[in-house]
Amino acid sequence: MQLLNLTPLDGLFDPHIPALTSTAPKSRFATATRSHLAGELRASHVGAKVKLGGWVHRTRNLGGIVFLDLRDRAGLVQVSFDPKWTPAEALERAGKLGLETVITLEGEVAARPPEMRNAEMETGEIEVRASDFRIVGPANTPAIPVARGRGEKLPAEELRLKHRNLDLRRFELQKNLILRHQLQQTTRKFLDERGYLEIETPILSKPAPSGARDYVVPSRVHPGEFYALPQSPQVYKQLLMISGFDRYFQIARCFRDEDLRADRQPEFTQIDIEASFIVPEDIYSLTEGLLAALWKDAGLEIPPTFERLRYADVMERFGIDRPDTRYALELFDASEAFRGTEFVVTNTVLAAGGRVRGLKVPGGAALSRKQLDEIEGIAKLAGAGGLIRLKRGAAGLEGPAAKFLSESAVQRLAIGEGELCLLVAGPEHVTNPALDRVRQDVAQRLSLVPENKRSFLWVTDFPLFGREQDGTLSSVHHPFTSPHPDDLHLLDSAPEKVRALAYDVVLNGLELGGGSIRINDPSLQRKVLSLLGIGADDAQLRFGFLLDALSAGAPPHGGIAFGFDRLAMVLAGATSLRDVIAFPKTTAAAALFEDAPSAIPPEDLRDLHLQTIAN
């Protein structure tokens, strides 16, 4: 790769070259070296003298006349170099410009002849007739091409992440990040207008007890001790409520050392909100207003209020706590139809206290054996032993289990003409995830998901506790979530039946955010910690600062947090969080651009009182 050869005529950083002049009205982007962004020029600028700066996106040398497309964050504009208005030496240099070279130029905006206009460019009615230009940023041949339009095949993602500075020049990514900025400003304005204070909380924090791993930071001045990067500002925002700030928000950076997916990153951003003297209804109203404002930024309208369903109901109807309700295919219980039959598969499950559950698929009887095998494979990957298949065709009810069903059982199932019934037998921790995956796959396979439909949903009344395999209790959300006041009497006798004052907001099967009302009674907080196996001494060691603060008088309070990266991804129409984050990590938590994580010198380890252990 060769650097462009520069001559004195290029004027690179030459202080003796006078500043370019312009008679065009300045835009808000004007500086001493440019009057406008290239992409903001329109027919209304015809006749104006302008000065521009940007990257050479494309060149066309027609032998005596040179055209190039100049690119900046606002878009492209065509620049023409013609002997009629361009000096010969400038014209000659223009013919040698390489892609991605940064130039400044001066010229006049002119209307293109009607037959030369480009309807696909926002600047397609005009061009800039250049009278001079300077190279201010010479460029090597790009390591990867900068994509020139939608639909163009991109290099492999790892290569694009390695050369992220070039990848970020793509219009799609620049548009995504500009939208992200707009969403942040809208969030701040919306919450500020409602009395919320933006307060920063610490990044160096105390290790937190939760399911996800902390990123830890060794202390140089406190040998053998560590900070943790926060998984959320949860405790700090509660402390702010106890301190009397009443309404808080933060666009917060958070960190979790866990396995990654397309919608997960080890470091992420969330909109974090907390308020005092509230009930869940206040959070629902605030959230619906904020999301409406954010969707408006993307040119979309959403319902003013969202449907609400209880956790127990969504698990029964959809098998998952963040269901996609754009289409039906709801689950139903078929246990009674199989009870008392001689079908061994269901008999064994029903005798063990399990159930037979499934869904009916209109038109599904037309699916091929190969397609059904693929669907069953998905159920097995989710933990099911297999699928019980029944369908009603011209000859009646078909499927291996059909012969075991009585006429009354067939009537109970009520499988309609052309319908396919897919069933899973087992306990709920088996049937729920398997049927959820089957439901999603069938909906996509049969094109049952309406395009451009937005189905928002509140899921409420989550359980406060879950049971681990060893029988111990764990927090479904976090240990500071308030039990439902109607269920306090169950804490000792049946804690797994206690509901939480917790809620999630879901869109089309994607969780956008979640929150809860917090415990503000120190004795109740100690009780919940005790049920989680955290004794009094351990609770004081790990949460003493919070327990002491609660004992100083704490108002009722609660809040919600939204995955901001996920919101930006949805509103940008992107398929991965990496498309809305400037410098994301890979699925292996690697930062390819700067080559992180990386080893550090032994002397630095000694300063931190650390040593590495070979695997």
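Here, the structure is the one placed above.
Below: a short report on this structure. Here the structure is a predicted model, which is why all the values come from computation and not from measurement. (Residues numbered from 1 in each chain as written. Predicted model: local features only at pLDDT ≥ 70, side-chain atom pairs only at ≥ 80, totals over all residues. Heavy atoms only, no water.)

Concerning the packing of aromatic side chains
Enumeration over the complete set of coordinates arrives at 11 aromatic pairs. Measuring from ring centre to ring centre gives 5.6 Å for Tyr-284 and Tyr-503, while their planes differ by 85°; the resulting arrangement is edge-to-face. Of this pair, Tyr-284 sits in helix H6 (residues 280–297) while Tyr-503 sits in strand S20 (residues 502–507), placing them 219 residues apart in sequence. Across this residue pair, the class does not change: Tyr-284 and Tyr-503 are buried. What links up through ring pairs into an aromatic cluster is the set Tyr-284, Trp-458 and Tyr-503. The ring of Phe-133 has Arg-93 sitting right over it, with the charged end atom 4.4 Å from the ring centre. Sitting over the face of the ring of Phe-190, Arg-194 holds its NZ or CZ atom 3.5 Å from the ring centroid. (Phe/Tyr/Trp six-rings, centres within 6.5 Å; stacked < 30°, edge-to-face > 60°. Helix = DSSP H or I, 4+ residues; strand = E, 2+ residues; numbered from the N terminus. Buried < 20%, exposed > 50% of the residue type's maximum accessible area, 1.4 Å probe, protein only. Lys NZ or Arg CZ within 6 Å of the ring centre and 35° of its normal.)

Details of empty space enclosed by the protein
Taken as a whole and assessed by the stated rule, the structure comprises 1 cavity of 30 Å³ or more. Estimates place the volume of the largest cavity at around 50 Å³. Its residues placed into classes, the lining of the largest cavity shows 7 nonpolar, no polar and 2 charged. (1 Å grid on protein atoms, 1.4 Å probe; cavity = no way out; pocket = protein on both sides within 12 Å on 5 of 7 lines; lining within 4 Å. Points joined across faces, edges and corners; volume = space filled by probe spheres on them. Nonpolar A, V, L, I, M, F, W, Y, C, P; charged D, E, K, R; others polar.)

Comments concerning a nonpolar patch on the surface
Together, Val-216, Phe-226 and Leu-610 make up an exposed nonpolar region whose accessible area comes to about 240 Å². Within the secondary structure, Val-216 is located in strand S7 (residues 216–218). (Patch = residues over 30% accessible without salt bridge, like charges linked within 9 Å, V, L, I, M, F, W, Y side chains within 5 Å. Areas by Shrake-Rupley, 256 points an atom, 1.4 Å probe, with all protein chains shown as cover. Salt bridge = Lys/Arg side-chain N within 4 Å of Asp/Glu carboxyl O.)

Looking at the nonpolar core
One finds Ile-273, Leu-291, Leu-294, Trp-295 and Phe-562 to be the most contacted residues of the largest nonpolar core, which totals 39 residues. Elements with a minimum of two residues in this core: helix H4 (171–192), strand S10 (267–276), H6, strand S17 (456–460), S20, strand S21 (510–517), strand S22 (557–563) and helix H15 (564–572). It is H6 that contributes the most residues to this core, 8 residues altogether. Discounting residues that sit within four places of it in the chain, Ile-273 has contacts with Leu-191, Tyr-196, Lys-237, Tyr-248, Phe-249, Leu-286, Leu-290, Gly-558, Gly-559, Ile-560 and Phe-562. (Core = buried A, V, L, I, M, F, W, Y, C linked by side-chain atoms within 4.5 Å. Contact = heavy atoms within 4.5 Å.)

Focus on the pattern of salt bridges
Close approach of charged atoms allows side chains with opposite charge to pair. Enumeration over the complete set of coordinates arrives at 45 salt bridges. A salt bridge links Glu-193 to Lys-189; the nearest nitrogen and oxygen atoms lie 2.7 Å apart. Taken as a pair, Glu-193 and Lys-189 share a single burial class, namely exposed. The partner of Glu-193 in a salt bridge is Arg-194, and the shortest N-O contact between them spans 3.7 Å. Take Glu-193: its relative accessible area is 52%, and that puts it in the exposed class. What emerges from the salt-bridge pattern is a single network uniting Glu-316, Asp-333, Arg-355, Arg-357 and Glu-428.

A word on unusual backbone geometry
Most peptide bonds take the trans form, and the phi angle of most residues other than glycine is negative. The amide bond that connects Ala-596 to the next residue, Pro-597, takes the cis arrangement and shows omega of 0°. Note that Pro-597 resides in the loop between H15 and helix H16 (602–607). Phi is positive for Leu-329, which is not a glycine, with a value near 50°. One can find Leu-329 in the loop between helix H7 (311–318) and strand S12 (332–333). Phi at Asn-508 takes a positive value of approximately 50°, unusual for a residue other than glycine.

Some words on the sheet that holds strand S5 (residues 126–137)
The strands making up a sheet are joined through hydrogen bonds of the backbone, oriented either antiparallel or parallel. Here we have 5 strands rolled up into a closed barrel, ordered S1-S2-S3-S5-S4, and mixed in their pairing. Averaged over all pairs of adjacent strands, the angle between their axes in this sheet comes to 55°, without regard to strand direction. Relative to strand S2 (residues 66–72), strand S1 (residues 49–61) is paired through 6 bridges, and the arrangement is antiparallel. Within the sheet, the bridge partner assigned to Arg-58 lies in S2 and is Asp-69. (Pairing = 2+ DSSP bridges. Axes fitted to C-alpha atoms, helices over the stretch in contact; angles between N-to-C directions.)

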